[in-house]
Amino acid sequence: MNDKTLPRRALLKGALGLAAIPVVAAVATAEAQAQAAKPAGGAALPRLDPNSPQAKALAYVHDGSQIDRKAHPNFKPDQKCNNCIHWTGKPTDPWAGCNLFPGRSVAGPGWCRVWAKKP
Ligand code: SF4
């Protein structure tokens, strides 16, 4: 290996790495566009991970009956995502979008601390 080979290789590797950035950005954009094209109810959206920081911040759970009642004394058993004002699906949908978790779906029997009765 001569002294000129290594910098050329390093430059080539760097150039290939930079070339990958637009590809990653294009994939992310395509995914965002695909999400925007999903049904209004959000049933086809990826499910919200209850362990994600956003879900934990609002104490979201997939099943409200499993909630820690001492930690959430205001919870009532009839409070469910599918009768919450923020639910974007039909009441019978098992999963649907939530205005507070854009790009994700939440479970019909789910619950979080900002539940508010759908009028
Ligand atoms: S805001 Fe309503 S629909 Fe959204 S996660 Fe909380 S309880 Fe469920």
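Cut-off values and rules
Residues numbered from 1 in each chain as written. Predicted model: local features only at pLDDT ≥ 70, side-chain atom pairs only at ≥ 80, totals over all residues. Helix = DSSP H or I, 4+ residues; strand = E, 2+ residues; numbered from the N terminus. Buried ≥ 20, exposed ≤ 12 C-beta atoms within 10 Å, placed from the backbone. Contact = placed C-beta atoms within 7 Å. pLDDT = per-residue confidence, 0-100. Near = placed C-beta within 6 Å. Nonpolar A, V, L, I, M, F, W, Y, C, P; charged D, E, K, R; others polar.

Here the focus is the overall build of the protein chain. From N to C terminus, the protein chain includes two helices and two strands. When the elements of the protein chain are put in sequence order from the N terminus, they spell out α-α-β-β. Within the protein chain, the proportion of its 119 residues that are buried is 22%. Sequence separation of 24 or more characterises 63% of the internal contacts of the protein chain that already satisfy a separation of 6 or more.

The next subject is the environment of Pro94. Inspection of the secondary structure puts Pro94 in the loop between α2 (53-57) and β1 (95-97). When the 11 C-beta atoms within 10 Å are taken as the criterion, Pro94 is described as exposed. Taking the C-alpha atoms as reference points, Pro94 and Gly110, 16 residues apart in sequence, are found 9.8 Å from one another.

What follows deals with the environment of Asp93. You can see Asp93 is positioned in the loop between α2 and β1. Overall, Asp93 belongs to the partly exposed group, with 19 C-beta atoms counted inside 10 Å. For Asp93 and Gly41, which are 52 residues apart along the polypeptide, the C-alpha to C-alpha distance reads 8.4 Å.

Here we take up the confidence of the model for the protein chain. Of all residues in the protein chain, 65% attain a pLDDT of 70 or more, and the chain-wide mean is 80. Predicted confidence in the protein chain is weakest over helix α1 (residues 5-36), with a mean pLDDT of 48, and strongest over strand β2 (residues 105-107), with 98. Predicted confidence is poor over residues 20-37, with pLDDT under 50, and the contacts of this stretch with residues over four places away or in other chains come to two contacts.

The next thing to look at is the site of the ligand. Taken together, 13 residues lie near the ligand, and Cys81, Cys84, His86, Cys98 and Cys112 sit nearest. Of the residues contributing to the shell around the ligand, the split by class is eleven nonpolar, two polar and no charged.

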